[in-house]
Amino acid sequence: VEELANRVARLRGTKLFAEMSDAELDTAARMLEARSYARGACVFDQGDEGVECYVVDVGQCVGKVKTLRDVWLPVKDYEPGFAGFFGERALLRNEPRTSAVFARSKEVRLYALSRAKYTELIKERDLRENLIRGAKLFESMKKSGRWPAW
């Protein structure tokens, strides 16, 4: 139960998931896969296919971009909290990674969410919203006595 509550809290602290309901966050939290990395380990590389996004639970990561001269330049730090989310472009667009992300601290624990799981979550949300809209429309037609001519 504590682990699930921690996952929900981490998701709630990110931009992509901040507006979701408690039930949606609970569902998303159950879809996360915990991953651990040692300092210096590459979470993903620049140019890789993006199939997951990550939420930082413990430790720090750094995003880096490789220049034309083969030099890695740090571009963004990630740690638990609002800034502790990366790889979301993989969920929202079908494009290669624009940077690499490395574990910066001695121990890093991330929660990974696959594109397939995120798509499943959004489809459920859209279906639920469409059902609610349909029910509201039905109620308004019932109250007004106006029925569509089918």
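Heads up: the structure comes first, above all this text.
Since we're looking at a predicted model, the values are computed, not measured.

A. Highlighting helix 2 (residues 22-31). Taken together, the buried positions of helix 2 are occupied by Glu 24, Leu 25, Ala 28, Ala 29 and Met 31. The buried residues of helix 2 occupy an angular sector of 155° when projected down its axis, which confines them to one face. Set apart from the buried face of helix 2 by more than 90 degrees, the exposed residues are Asp 22, Ala 23 and Arg 30.

B. Examining the sheet that holds strand 4 (residues 61-66) more closely. Judged by pairing direction, the sheet is antiparallel, and its 4 strands sit side by side in the order 2-7-4-5 without closing on themselves. Two strands lie at the open edges of the sheet, namely strand 2 (42-44) and strand 5 (72-78), each paired on one side alone. Shown here is a sheet whose adjacent strand axes are inclined to one another by a mean of 35°, direction ignored. Bridge analysis of strand 4 against strand 5 gives 6 bridges, and the strand direction is antiparallel.

C. Structural context of the environment of Leu 16. Tracing the backbone through its elements, the reader meets Leu 16 in the loop between helix 1 (2-12) and helix 2. Judged by relative accessible area, Leu 16 falls into the partly exposed class, the value being 24%. Filtering out sequence-adjacent residues up to four positions away, Leu 16 remains in contact with Phe 85, Glu 88, Leu 91, Leu 92 and Tyr 118.

D. Quick look at the pairing of strand 3 (residues 52-58). Where burial is concerned, most of strand 3 is hidden: 6 out of the 7 residues are buried. Pairing analysis gives 6 bridges linking strand 3 to strand 8 (residues 107-114), with the strands arranged antiparallel. Bridge pairing in strand 8 links Val 56 to Leu 110. In this sheet, strand 6 (residues 85-86) lies alongside strand 3 in antiparallel orientation, the contact comprising 2 bridges.

E. Broad picture of the environment of Tyr 54. Relative to the helices and strands, Tyr 54 is located in strand 3. Of the residues examined, Tyr 54 reaches a relative accessible area of 3% and is grouped as buried. As a C-alpha pair, Tyr 54 and Arg 35 span 19 residues in sequence and 9.4 Å in three-dimensional space. Leave out the neighbours within four places in its chain, and Tyr 54 touches Arg 35, Tyr 37, Val 43, Phe 44, Gly 84, Phe 85, Phe 86, Arg 97, Leu 110, Tyr 111 and Ala 112. Among the polar contacts listed, one links the side chain of Tyr 54 to the side chain of Glu 52, at a separation of 2.8 Å.

F. A look at the pairing of strand 4. Between strand 4 and strand 5, which follow one another and run antiparallel, lie 5 residues, and Asp 70 among them has a positive phi close to 60°. With 4 bridges joining them, strand 4 and strand 7 (residues 100-103) adopt antiparallel strand pairing. Within strand 7, the position partnered with Lys 64 by the bridge is Ala 100.

Reading guide: rules and limits
Residues numbered from 1 in each chain as written. Predicted model: local features only at pLDDT ≥ 70, side-chain atom pairs only at ≥ 80, totals over all residues. Heavy atoms only, no water. Buried < 20%, exposed > 50% of the residue type's maximum accessible area, 1.4 Å probe, protein only. Helix = DSSP H or I, 4+ residues; strand = E, 2+ residues; numbered from the N terminus. Arc of directions from axis to C-beta. Pairing = 2+ DSSP bridges. Axes fitted to C-alpha atoms, helices over the stretch in contact; angles between N-to-C directions. Contact = heavy atoms within 4.5 Å. Polar contact = N/O pair within 3.5 Å; in protein donor to acceptor, adjacent residues only side chain to side chain.

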